Amino acid sequence: MKPILFLEPVFKEMVWGGSRLGSEFGYNIPGDDTGECWGISAHPNGDAKVLAEGFEGKTLSQVWQENPELFGNMEGDRFPLLVKIIDAKADLSIQVHPDDAYAKVNENGSFGKMECWYVIDCPEDARLVLGHNAKNQEEVKDMIKNGKWQEFLRYVPIRKGDFIQINPGTVHAITSGCLLLETQQNSDITYRVYDYDRLSNGKPRELHVERSIDVITAPAGDVDKMLISLQDLEKNVWHELINCQYYKVFKLDLDRENSFDQHYPFFNISVIEGEGTLNGTKIKKGDHFILPAGFGKVDLAGKLQLIASVAR
Ligand code: ZN
């Protein structure tokens, strides 16, 4: 029997963070400004501890190095993905991420960052920044340098249960009241374009205007290729939400049972609602774990909402 690799999340306090990761997910959060729960993470800025028997005290990055067979001997010097839950009490800055090629040259060999969000909860009238309205690179530069934010930023309405894919080069920002599950490349490179002229400890936070201008795609991609509505998905079957060059993400809304065969090099699962069992082991809201290579048959039962991912 292969182990279920349960993980101990790492929490990040942020100027825009809140307390819902404690009040709604039951985590022991470090403060009322907790913005991120890094649930499945092997990043040096937050390397989750593996809780499975025989791996006590080891981090996910250590287990990736020492037990490659658990990950199907997948190529690569780093665990490739990072799964977070984000609680935005306030608006996040307007930002953009580089791709692998740009990050490799300009960020010490880091991965670039492609990411996607599942909207766990948001206000009735919520909208996100997703893309921009500049027609070309010149307009991007002009609008940013001259602070034409009203004109530049493209806002799109979202609903609870929506799914959003953010390619590198896409201007984006999470807004106040959103609770998201993010699946991304294992990278922590963010370029901040604009921070609403806010002060943090009396000073504005650092911006990365030149790098942002370097990497922003113009014109921006179509909204309907980035924003996918998942209302009224059939229950008790897995749905593939995205299949891009780095990851596949799936959702399961269970109210009875589901069985499947875990045939991927590894399979990440985050429980975002409810409780139930996996091959007889109790799982509940807030759990994050990995089903390793060769895990075989998975029997799920209970009332659960799961977001899962695999690396490509
Ligand atoms: Zn981002």
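Residues numbered from 1 in each chain as written. Predicted model: local features only at pLDDT ≥ 70, side-chain atom pairs only at ≥ 80, totals over all residues. Heavy atoms only, no water.

Asker: Looking at this structure, I do not really get the sheet that holds strand S9 (residues 115-121). What am I missing?
Answerer: The antiparallel open sheet is built from 7 strands, whose spatial order is S2-S3-S7-S14-S9-S12-S16. Whereas interior strands pair on both sides, the edge strands pair on one side only; in this sheet they are strand S2 (10-18) and strand S16 (227-228). Bridge analysis of S2 against strand S3 (residues 34-40) gives 5 bridges, and the strand direction is antiparallel. The partner of Phe-11 across the bridge, within S3, is Cys-37. (Pairing = 2+ DSSP bridges. Helix = DSSP H or I, 4+ residues; strand = E, 2+ residues; numbered from the N terminus.)

Asker: Explain the packing of aromatic side chains to me, please; I cannot follow it from the model alone.
Answerer: Aromatic rings considered in pairs are described by the distance between their centres and by the relative angle of their planes. A full pass over the atoms with the stated rule returns 20 aromatic pairs. Here Trp-64 and Phe-71 contribute two aromatic rings whose centre-to-centre distance is 5.1 Å and whose plane-to-plane angle is 55 degrees, an arrangement assigned as tilted. Judged by its relative accessible area of 6%, Trp-64 is buried. On the basis of an interplanar angle of 25 degrees and a centroid distance of 6.0 Å, the ring pair of Tyr-264 and Phe-267 is categorised as stacked. Among the aromatic residues, ring-to-ring pairing joins Trp-238, Phe-250, Phe-260, Tyr-264 and Phe-267 into one connected group. In this structure, Lys-12 is placed above the aromatic ring of Trp-38, and the distance from its NZ or CZ to the ring centre is 4.6 Å. In this arrangement the basic side chain of Arg-78 is found over the ring face of Phe-111, its NZ or CZ atom lying 4.0 Å from the centre. (Phe/Tyr/Trp six-rings, centres within 6.5 Å; stacked < 30°, edge-to-face > 60°. Buried < 20%, exposed > 50% of the residue type's maximum accessible area, 1.4 Å probe, protein only. Lys NZ or Arg CZ within 6 Å of the ring centre and 35° of its normal.)

Asker: I would appreciate a short explanation of the coordination of the zinc ion in the present structure.
Answerer: Under perfect tetrahedral coordination by four donors, a metal shows angles of 109.5 degrees; under perfect octahedral coordination by six donors, it shows angles of 90 or 180 degrees. Summarising the metal site, the zinc ion is bound by the protein donors His-97 (NE2), Glu-115 (OE), Glu-115 (OE) and His-172 (NE2), whose distances to it range over 2.0 to 2.7 Å. Around the zinc ion sit 4 donor atoms, and with donor-metal-donor angles ranging over 52 to 132 degrees the site reads as irregular. Read in sequence order, the donor residues for the zinc ion give the motif H-x17-E-x56-H. Placement of His-97 in the loop between strand S8 (94-96) and helix H3 (100-106) and of His-172 in strand S13 (residues 172-173) is noted, with a sequence separation of 75 residues between them. His-172 shares its class with His-97; the two are buried. (Donors = N, O, S within 2.8 Å, 3.2 Å for Na, K, Ca; no water. Tetrahedral: all angles 85-135°; square planar, octahedral: opposite > 155°, others 65-115°.)

Asker: Which parts of the structure should I look at to understand the side chain of His-288?
Answerer: Counting through the fold element by element, His-288 comes out in strand S22 (residues 288-292). Side-chain polar atoms of His-288 contact the side chain of Tyr-27, separated by 2.9 Å. Excluding residues within four positions of it along the chain, His-288 makes contact with Leu-5, Phe-6, Leu-7, Pro-9, Tyr-27, Cys-37, Gly-39, Ile-40, Ile-85, Ile-269 and Ser-270. (Polar contact = N/O pair within 3.5 Å; in protein donor to acceptor, adjacent residues only side chain to side chain. Contact = heavy atoms within 4.5 Å.)

Asker: Even after reading the chapter, I still don't get the pattern of salt bridges, so can you show me in this structure?
Answerer: Two side chains that carry opposite charge are able to pair once their charged atoms sit near each other. According to the stated counting rule, one finds 18 salt bridges in the structure shown. Notably, a salt bridge pairs Lys-135 with Glu-139, separated by 3.4 Å at the nearest N-O pair. According to the relative accessible area criterion, Glu-139 is partly exposed, its value standing at 21%. Note that Lys-235 and Asp-255 form a salt bridge whose closest N and O atoms lie 3.8 Å from each other. Taken together, the positions of Lys-235 in the loop between S16 and strand S17 (239-243) and Asp-255 in the loop between strand S18 (247-254) and strand S19 (257-262) put the pair 20 residues apart, joining distant regions of the chain. The class of Lys-235 is partly exposed, set by a relative accessible area of 37%. Each member of the salt-bridge network shares a partner with another, and the members are Arg-20, Glu-24 and Asp-121. (Salt bridge = Lys/Arg side-chain N within 4 Å of Asp/Glu carboxyl O.)

Asker: What is the right way to look at the domain arrangement of the protein in this model?
Answerer: When its domains are assigned, the protein resolves into domain 1 (5-229) and domain 2 (239-311). Summarising the inter-unit geometry, the C-alpha centres of domain 1 and domain 2 are found 22 Å apart. Across the boundary between the two partners, domain 1 contributes 35 residues, which contact 31 residues of domain 2. Taken together, the two surfaces of domain 1 and domain 2 that pack against each other cover about 2,600 Å², and 74% of this comes from carbon and sulfur. Considering only the side of domain 1, the residues that lose the most area to domain 2 are Phe-6, Leu-81 and Tyr-118, jointly responsible for 21% of the buried surface there. Viewed at the interface, domain 2 and domain 1 are joined by 0 salt bridges. Connecting domain 1 to domain 2 are 10 residue pairs in polar contact (both at pLDDT 80 or more). Looking at the side of domain 1 that touches domain 2, the elements with two or more residues in it are strand S1 (5-8), S3, helix H2 (60-66), strand S7 (81-87), S9, strand S12 (163-166) and strand S14 (179-185). Tallied by class, the residues present in the side of domain 1 that touches domain 2 amount to 25 nonpolar, 6 polar and 4 charged. (Domains from an automatic or database assignment. Buried area = accessible area lost by both parts, 1.4 Å probe. Nonpolar A, V, L, I, M, F, W, Y, C, P; charged D, E, K, R; others polar.)

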